[in-house]
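Descriptive analysis of the structure
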Amino acid sequence: MNPFEEKAKNVDEYLSSLKDLYPVPYDKNAADPYTKTRIILAAGAEYEANWHSHHAMRHIADPDLRREMALCRFVEKQQQQKIANLKPIDETVLETTIAYEQLAVDLTAEMAQKEKDFNVKKALDFALLEDFDHLYRYANLLDMDEGVHAERLVGKYTEIMPARPTVNHHRHPFDNVKNDISGDLANTQTVLNTLIITAAEQQTMNYYMNNSAAYINDRGRRLYQEIALVEEEHVTQYGSLIDTSPTLLQGSLWHEYSECYIYWSNYMTETDERIKALWEQYFEAEVSHLLKAAELLRKYEGKNYDEVIKDPVFPDPLSLHENIEYVRGILKETVQFTGLLTDYENVNKLHADHRFFKHNELMTTPIKDAASHRVIMDRVADFGEDYRFETKENPINKHHNREQDDVVVGLKPDAAESGNFHPLKMA
């Protein structure tokens, strides 16, 4: 599908009343886990596009252009609000957090398995293990604080077990900045992947930062605080991949195109007919924004949309699904890696005085007080072992003991066997 060839009404015809913006929420006990994750993904895409528009407006002087951008931005904010309120009142912050992390794991795995740019694929595989470990930490907190087993929330589609320990995710900011993709070389799928994963991780970071201070106990507040800072690292990593060559208006075109792709993908893969109808409605609305962005690009820069998006036909739909074996493979191969400037390196090969070790020590000393470690040890103290959902034994030997929380894998040389990152094997 080429969304530029679709029909839509004028942008202002998609404005909604306050009454229409408050939807009937899903049933948290009946909704498919991937319906919940698609909702989070769409809300994140709306937030990213909205703030790109705000940023662009602050660098544009023409009042007519600013007004056109404000109209699209307001409609998108309305869409974001309706999507966000699909979450039911009786779904706790921590239950929603499990959906955030399931999205992070399965979205990242889905993208990595289709990504042709090896540098982008490495970034996806690297952060995948960290979000996977975050899911495990939050699941243990959920079990202790609410008596809910997260395996039910994820539908047993996603395993819950330790990966690269969260205490070892804390890197110096220099090592989270990667090379941006090239506008001349990147294909549509790669550009979409960088925009979408940045939006998703940014949404996660904001959610954790905003909920940290509001959580019901000190242990949870500290865990949200710690993981929110790791998500800041992820947003820096993924955001640095985004092509830096487009102008602000060209960037707006890409954001609208990305939103169209997400709503189309959600529509193509949704199993809840009521929610599917909303994806269809908002796809049409986003087409109107996309066509307006193309119109503004022609008017103010004299460029046609296909000079910016050279292959405008959508790739295959973005599909959220089970990725257990893929995640296990990445865990086995890359658990010992950390960031090293624009690339990644096995900690075995870093000098003992490298900034990674110094920064990590600064962030996590004393280790017994680090929230991500403490939450596991508290669960062990209460129940005799951690909480997990595994389909078979963890690929990492040091993760077999359920009465301990390993803190050396991914930090200490030779703490685990580790291979390397691998590019996508093209058929």
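Residues numbered from 1 in each chain as written. Predicted model: local features only at pLDDT ≥ 70, side-chain atom pairs only at ≥ 80, totals over all residues. Heavy atoms only, no water.

Before going further, it helps to spend a moment on the overall build of the protein chain. When you go through the protein chain residue by residue, the secondary structure sums to twelve helices and two strands. Ordered by position from the N terminus, the helices and strands of the protein chain form the series α-α-α-α-α-α-α-α-α-α-β-β-α-α. For 427 residues, the compact-globule estimate of 2.2 N^0.38 gives 22 Å, and the C-alpha radius of gyration of the protein chain, at 22 Å, lies within 12% of that figure. Taken along its principal axes, the extent of the C-alpha atoms in the protein chain is 60 × 45 × 45 Å. (Helix = DSSP H or I, 4+ residues; strand = E, 2+ residues; numbered from the N terminus. Rg over C-alpha atoms; globule rule 2.2 N^0.38 Å.)

Ranked by size, the top nonpolar core spans 108 residues in total, and within it I98, L107, I160, I196 and L253 carry the most contacts. Examining the composition of this core, we find that 15 residues originate from one element, helix α4 (residues 118–146), more than from any other. Residue contacts for L253: discarding those within four places in its chain leaves F4, L290, A293, A294, L297, Y305, V308 and I309. (Core = buried A, V, L, I, M, F, W, Y, C linked by side-chain atoms within 4.5 Å. Buried < 20%, exposed > 50% of the residue type's maximum accessible area, 1.4 Å probe, protein only. Contact = heavy atoms within 4.5 Å.)

With four bridges connecting them, strand β1 (residues 337–340) and strand β2 (residues 343–346) associate as antiparallel partners. Bridge pairing links L340 to D343 in β2. The turn joining β1 and β2, which pair antiparallel and follow one another in sequence, is formed by two residues; a positive phi near 50° is taken by L341. (Pairing = 2+ DSSP bridges.)

Within the sequence span of helix α11 (residues 355–364), burial applies to F356, F357, H359, N360 and T364. For α11, the buried positions fall inside an angular range of 165° around the axis, keeping them on one side. Set apart from the buried face of α11 by more than 90 degrees, the exposed residues are K358, E361 and L362. The inward-facing, buried residues of α11 contact β1. (Arc of directions from axis to C-beta.)

A few words now on the pattern of salt bridges. Applying the stated criterion across every chain yields a total of 29 salt bridges. We note a salt bridge from E68 to K292, for which the minimum N-O separation is 3.6 Å. Placement of E68 in helix α2 (residues 63–84) and of K292 in helix α9 (residues 273–301) is noted, with a sequence separation of 224 residues between them. We classify K292 as buried; its relative accessible area is 16%. Put simply, E159 and R328 hold a salt bridge, and the shortest N to O gap is 2.8 Å. In this pair, E159 is assigned in the loop between α5 (150–153) and α6 (188–212) and R328 in helix α10 (residues 324–334), connecting sequence segments 169 residues apart. (Salt bridge = Lys/Arg side-chain N within 4 Å of Asp/Glu carboxyl O.)

Attention now moves to the packing of helix α1 (residues 33–57) against α6. It is at 8 Å that the axes of α1 and α6 come closest, and there the two elements cross at 95°. Accordingly, the angle class assigned to the pair α1 and α6 is roughly perpendicular. Note on element contacts: α6 touches α1 through I196, A199, A200, Q202, Q203 and N206, opposite I40, L41, A43, G44, A45, Y47 and E48. Here the residues of the contact of α1 with α6 sort into eight nonpolar, four polar and one charged. (Axes fitted to C-alpha atoms, helices over the stretch in contact; angles between N-to-C directions. Parallel < 35°, antiparallel > 145°, perpendicular 65-115°, else oblique. Nonpolar A, V, L, I, M, F, W, Y, C, P; charged D, E, K, R; others polar.)

A few words on the environment of K392. Within the secondary structure, K392 sits in the segment after α12 (371–383). Judged by its relative accessible area of 45%, K392 is partly exposed. Excluding residues within four positions of it along the chain, K392 makes contact with E159, E325 and R328.

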